[in-house]
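The lines below spell out each chain.
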Amino acid sequence: MTISRNYELAALLLRVTLGVVLITHSLYLKLVVFTLPGTAEFFSSIGLPAFLAYLVFFVEAVSGIALIVGFHSQVAAAMVAPILLGATWAHWDAGWLFANEGGGWEYPLVLVLMAATQVFLGNGRYAITKEA
């Protein structure tokens with residue numbers, strides 16, 4: 001049995017999945033559940049400047065939307081990758097499993113790898129921004 005390779009569909013699925021996760025983590029988790037001041041307080045508690053919480057929120061939200069619609073997804077994924085690396089670092093002390101108390105670093109690391117893969121794949125055919 002031969003399985004066909006459809007890079008266009010793969011790019012779409014990866015873009016939308018990563019975009020939905022980023023929207024969920026920014027607009028819902030950081031804005032609604034933890035609130036932006038609460039997120040800023042958490043950033044301060046781990047030694048980061050509080051203002052970075054607002055920057056992270058903005059980049060995650062904009063990148064998530066851009067990825068979902070396919071608007072310069074390579075740029076969006078490249079912009080969010082350092083933030084996801086930071087999330088991996090922030091959860092490092094909680095151990096590997098994200099189900100651990102404090103959330104481990106396995107899930108943020110998977111998101112880093114998804115963003116890196118999106119940078120290599122590009123938008124794909126099913127996107128607003130067409131690739132050259």
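Everything numeric in this text was worked out from a predicted model, so none of it was measured. (Residues numbered from 1 in each chain as written. Predicted model: local features only at pLDDT ≥ 70, side-chain atom pairs only at ≥ 80, totals over all residues. Heavy atoms only, no water.)

## Topic: helix H2 (residues 36–45)
Listed in full, the buried residues belonging to H2 are Leu36, Thr39, Ala40 and Phe43. When H2 is viewed along its axis, its buried side chains cluster within an angular range of 100° and face the same direction. Set apart from the buried face of H2 by more than 90 degrees, the exposed residues are Pro37, Glu41 and Ser45. Considering only its buried residues, H2 is in contact with helix H1 (7–33) and helix H3 (51–69). Its side-chain oxygen 3.1 Å from the backbone nitrogen of Gly38, Thr35 forms the N-cap of H2. Downstream of H2 by a residue or two, Gly47 has a phi angle that is positive, lying close to 90°. (Buried < 20%, exposed > 50% of the residue type's maximum accessible area, 1.4 Å probe, protein only. Helix = DSSP H or I, 4+ residues; strand = E, 2+ residues; numbered from the N terminus. Arc of directions from axis to C-beta. Contact = heavy atoms within 4.5 Å. Polar contact = N/O pair within 3.5 Å; in protein donor to acceptor, adjacent residues only side chain to side chain.)

## As for the environment of Gln118
Given the relative accessible area of 0%, Gln118 is considered buried. In contact with Gln118, other than residues within four places in its own chain, are Ala11, Leu14, Arg15, Leu67, Ser73, Gln74 and Ala77.

## Topic: the confidence of the model for the protein chain
When pLDDT is averaged along the protein chain, the result is 92; 95% of the residues meet or exceed 70. Mean pLDDT across the elements of the protein chain ranges from a minimum in H1, with 95, to a maximum in H3, with 98. (pLDDT = per-residue confidence, 0-100.)

## Digging into the packing of aromatic side chains
According to the stated counting rule, one finds three aromatic pairs in the structure shown. Ring centres of Trp92 and Trp105 lie 4.2 Å apart, and the angle between their planes is 20°; this geometry places the pair in the stacked category. On the criterion of sequence distance, the pair formed by Trp92 in the loop between helix H4 (73–90) and helix H5 (106–121) and Trp105 in the loop between H4 and H5 is long-range, its members being 13 residues apart. Residue classification places Trp92 among the partly exposed residues on the basis of a relative accessible area of 47%. Ring centres of Trp96 and Trp105 lie 4.7 Å apart, and the angle between their planes is 80°; on these two criteria the pair is classed as edge-to-face. A relative accessible area of 44% places Trp96 in the partly exposed class. Classification of Trp105 by relative accessible area gives buried; the value is 18%. These aromatic residues form a ring-pair network of at least three members: Trp92, Trp96 and Trp105. (Phe/Tyr/Trp six-rings, centres within 6.5 Å; stacked < 30°, edge-to-face > 60°.)

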